[in-house]
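Residues per chain are reported as follows:
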Amino acid sequence: MARLDRRGLPLSTSSDLAAERYREGVDLLLSAWPGAAEALEAAVAADPDFALAHAARARQNAIRAEPAKARARIATASDLVARNGTERERSHVEVLSLAIGGQSASALERAIAHLDTWPRDVLILSLPLGAFGLLAFSGMPDHDQARVDLCERHARHFAEDDWWFLTYRGWSHTENGAVAHGRALTQRGLELRRENANAAHALSHALYEAGAAEEAERLIEGWLPGYDRSGSLHGHIAWHSALAALERGDTERALAIYAEHVQPSVSKGMPVNVVSDTASFLWRLQAYGHEIPAGLWQAAAAYAAPAFPKAGFAFADAYMANLEAAAGDREAVARRAAALTQLAEAGGLGAGPVVPAICRAALAFADADYAGCARILEPVAREVVRIGGSGAQREMLEDMLLIALMRSGEATKARALLDRRLHRRPSPRDTRWLGQLVA
């Protein structure tokens, strides 16, 4: 009897135990839940020649920012699948190999083609989706719409109670502006599988984008204690709660959440999450007029420096520049901006010139040159989406432009930006700012 994955695709293994541990491991991987590595190792132990178990373990290594281990694992998978794998499995491993090898554009192209033939191969479908997926980091200005299009193209292949597909379909609609629809889909995904960090995360985004920040706080407060701190999204989901507290002006609670869950000394998240969460929280706290406790900027900068020492990862570069600027390292920001400009001019930076512009704007803002900051950011504001990540993460850069406009006396432009934001969703902070401008 053929062994099948969770969605009915054949698996090239003769071991029932290996197939079961593989199914379990992929479920845990796709829900960002602890235990995926152990389950996949058990699958390999039960059948050392099971190529897809090695490939999934490689994907887990990549998610955990363990590139050398990921490359070694995917090389093993490639060798095994060439000798004993179906056409689908060979294509599956090839796509993962391209992604792990840093060939993102080729990986995205191959993933899309693979899914046209095997749309229920969810480990491959997961690659283009999400805030840090191949589409988000492609540099495309319309990657939010592209995610929706991909989900809708293949929706007919998934059951109505497929918790994973509901989660990512909902996330995609939320980020593309259909917040109520996205929220309903994601809520259903979380109801079907409570131990699903991706669903709790996506629902937090939906509530934030709906202007229901206090509801997001309550969701996270009730859900997070059941999610082990080793979970890759633990600190990031807590960051959402800290932002919600900051939104309603409870700085003491926001800082307490940051200290307990988010700061580098306690978070077990991926480096890209830790750097973006710490930089964006501290920047917001300071920009909103609150004092930063001693040592927090320095601790964040010390963690970030070895994590992303070189320019070229657009999303990380935006936050690294703000950390470097806040730490007063003007030379580091200038070097990063110059390197990114060279990359952009040579066609080697998918997100394009907006990235070095963000670096220069961050430095101008840190120097209190608000007119200069606005002058840099305003022409490229619509291009910020190209760095990837989520709308909630990129909102820091919109805040930078907004505050720069307010502080440089550009009240009319600031009011127009606030009107657009308030039209999209209610916000106590934006309402306060608008009232100040009107007064």
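Residues numbered from 1 in each chain as written. Predicted model: local features only at pLDDT ≥ 70, side-chain atom pairs only at ≥ 80, totals over all residues. Heavy atoms only, no water.

Undergrad: Looking at this model, I keep getting lost on the overall build of the chain. Mind explaining?
TA: Within the chain, the secondary structure is distributed over 23 helices and 2 strands. The C-alpha radius of gyration of the chain comes to 22 Å, within 12% of the 22 Å expected for a compact globule of 439 residues. A total of 439 residues make up the chain; the buried ones form 56% of that total. The contacts of the chain with a sequence gap of at least 6 include a subset with a gap of at least 24, amounting to 60%. When the accessible area of the chain is evaluated, it comes to approximately 17,700 Å², of which 51% is carbon and sulfur surface. Between the centroid of the 48 positive side chains of the chain and the centroid of its 54 negative side chains there is a distance of 1 Å. (Helix = DSSP H or I, 4+ residues; strand = E, 2+ residues; numbered from the N terminus. Rg over C-alpha atoms; globule rule 2.2 N^0.38 Å. Buried < 20%, exposed > 50% of the residue type's maximum accessible area, 1.4 Å probe, protein only. Contact = heavy atoms within 4.5 Å. Areas by Shrake-Rupley, 256 points an atom, 1.4 Å probe, with all protein chains shown as cover. Lys, Arg positive; Asp, Glu negative; His and termini not counted. Charge placed at Lys NZ, Arg CZ, Asp CG, Glu CD.)

Undergrad: How do you make sense of the nonpolar core when you look at a structure like this?
TA: Across soluble globular proteins, nonpolar side chains have a tendency to be buried as a group. Within the largest apolar cluster, 140 residues are counted, with the highest numbers of intra-cluster contacts made by Tyr22 and Phe281. The residues contacting Phe281, other than those within four sequence positions of it, are Trp239, Ala242, Leu243, Leu246, Ala254, Leu255 and Tyr258. (Core = buried A, V, L, I, M, F, W, Y, C linked by side-chain atoms within 4.5 Å.)

Undergrad: Please explain the environment of Leu4 as it appears in this structure.
TA: For Leu4, the position within the fold is in strand S1 (residues 3-4). When its relative accessible area of 36% is taken as the criterion, Leu4 is described as partly exposed.

Undergrad: Whenever I open this one, helix H10 (residues 179-192) confuses me. Can you help?
TA: At 3.6 residues per turn, the α-helix brings residues three or four places apart onto the same side. Look at H10: 20 Å from first C-alpha to last across 14 residues, which is about the 20 Å you get at 1.5 Å a residue. For H10, the set of buried residues is Val179, Gly182, Leu185, Thr186, Gly189 and Leu190. Projected down its long axis, H10 shows its buried positions confined to an angular sector of 140 degrees, all on one face. Facing away from the buried side of H10 by over 90 degrees, the exposed positions are Ala180 and Glu191. Those residues of H10 that are buried are in contact with helix H9 (163-175), helix H11 (197-209) and helix H12 (213-223). (Expected span 1.5 Å × (residues − 1). Arc of directions from axis to C-beta.)

Undergrad: What is the right way to read the packing of helix H19 (residues 354-366) against helix H21 (residues 391-407) from this model?
TA: Each packed pair of helices is defined by two parameters, the angle between the axes and the distance between the axes. Running from N to C, H19 and H21 cross one another at 45 degrees; their axes reach a closest spacing of 11 Å. With respect to their mutual orientation, H19 and H21 come out oblique. With respect to the hand of their crossing, H19 and H21 are arranged in left-handed fashion. Contacts from Ile358, Ala361, Ala362 and Phe365 in H19 reach Leu397, Met400, Ile403, Ala404 and Arg407 in H21. Its residues assigned to classes, the contact of H19 with H21 comprises 8 nonpolar, no polar and 1 charged. (Axes fitted to C-alpha atoms, helices over the stretch in contact; angles between N-to-C directions. Parallel < 35°, antiparallel > 145°, perpendicular 65-115°, else oblique. Left-handed = near helix turned anticlockwise from the far one by under 90°. Nonpolar A, V, L, I, M, F, W, Y, C, P; charged D, E, K, R; others polar.)

Undergrad: Even after reading the chapter, I still don't get the pattern of salt bridges, so can you show me in this structure?
TA: For side chains of opposite charge, pairing can occur when their charged atoms come near one another. As enumerated under the stated definition, the model contains 34 salt bridges in all. Here the residues in one salt-bridge network are Glu247, Glu398, Asp399, Arg421, Arg429 and Asp430, joined through shared partners. (Salt bridge = Lys/Arg side-chain N within 4 Å of Asp/Glu carboxyl O.)

Undergrad: When you look at the packing of helix H16 (residues 296-307) against helix H17 (residues 314-326) in this model, what are you seeing that I'm missing?
TA: Taken N-terminus to C-terminus, the directions of H16 and H17 make an angle of 135 degrees; their axes are 10 Å apart at the nearest point. One element, H16, and the other, H17, form an angle in the oblique class. Between H16 and H17 lies a crossing whose hand is left-handed. Between H16 and H17, the residues in contact are Trp297, Ala300, Ala301, Ala304 and Ala305 and Met320, Leu323 and Ala326, respectively. Looking at the contact of H16 with H17, its residues break down into 8 nonpolar, no polar and no charged.

Undergrad: I keep staring at the packing of aromatic side chains and nothing clicks. Help me out?
TA: A ring pair, where both rings are aromatic, is described by two values, the distance of the centres and the angle of the planes. The final tally for this structure, using the stated rule, is 17 aromatic pairs. Pairwise contacts between aromatic rings join Phe132, Phe137, Phe308, Phe313, Phe315 and Tyr319 into one cluster. Positioned over the ring face of Trp163 is Arg193, at 4.7 Å from the centre of the ring. (Phe/Tyr/Trp six-rings, centres within 6.5 Å; stacked < 30°, edge-to-face > 60°. Lys NZ or Arg CZ within 6 Å of the ring centre and 35° of its normal.)

Undergrad: What should I look at first to understand the state of the cysteines in this one?
TA: In protein chemistry, a disulfide is the covalent bond that joins the sulfur atoms of two cysteines. Evaluated as defined, the whole model comprises 0 disulfides. Its sulfur unpaired, Cys359 is 12 Å from the next cysteine sulfur, which belongs to Cys373. When its relative accessible area of 0% is taken as the criterion, Cys359 is described as buried. Residue class for Cys373 comes out buried when judged on its relative accessible area of 0%. (Disulfide = S-S within 2.5 Å.)

Undergrad: Could you clarify how one ought to interpret helix H1 (residues 16-30) in this entry?
TA: For H1, with 15 residues, the first-to-last C-alpha span of 21 Å sits near the 21 Å given by 1.5 Å per residue. Three or more residues of H1 are buried, namely Ala18, Ala19, Tyr22, Arg23, Gly25, Val26, Asp27, Leu28, Leu29 and Leu30. Of the residues that open H1, the one with a side-chain oxygen 3.3 Å from the backbone nitrogen of Leu17 is Ser15. At the C-terminal side of H1, Ala32 shows a positive phi close to 55 degrees. (Polar contact = N/O pair within 3.5 Å; in protein donor to acceptor, adjacent residues only side chain to side chain.)

Undergrad: Would you mind showing me how to read the environment of Ala213 here?
TA: Its place among the elements puts Ala213 in helix H12. Overall, the relative accessible area of 12% leaves Ala213 in the buried class. Taking the C-alpha atoms as reference, Ala213 lies 9.8 Å from Leu246; in sequence the two are 33 residues apart. Apart from the residues within four sequence positions on either side, Ala213 is in contact with Leu207, Ala244 and Glu247.

Undergrad: Please clarify how the side chain of Ser390 should be interpreted in this entry.
TA: Here Ser390 lies in the loop between helix H20 (370-377) and H21. Its relative accessible area of 0% is what places Ser390 among the buried residues. With residues near it in sequence (within four places) discarded, Ser390 still touches Ala131, Trp171, Glu175 and His205.

Undergrad: How should I be thinking about unusual backbone geometry in this particular structure?
TA: Note: most residues except glycine have negative phi, and most peptide bonds are trans. Of note, the phi angle at Ala32 is positive, near 55 degrees, even though the residue is not glycine. Within the secondary structure, Ala32 is located in the loop between H1 and helix H2 (36-46). The class for Ala32 is buried, based on a relative accessible area of 12%. Positive phi, close to 65 degrees, is recorded for Ala368, a residue that is not glycine. Tracing the sequence through the fold places Ala368 in the loop between H19 and H20.

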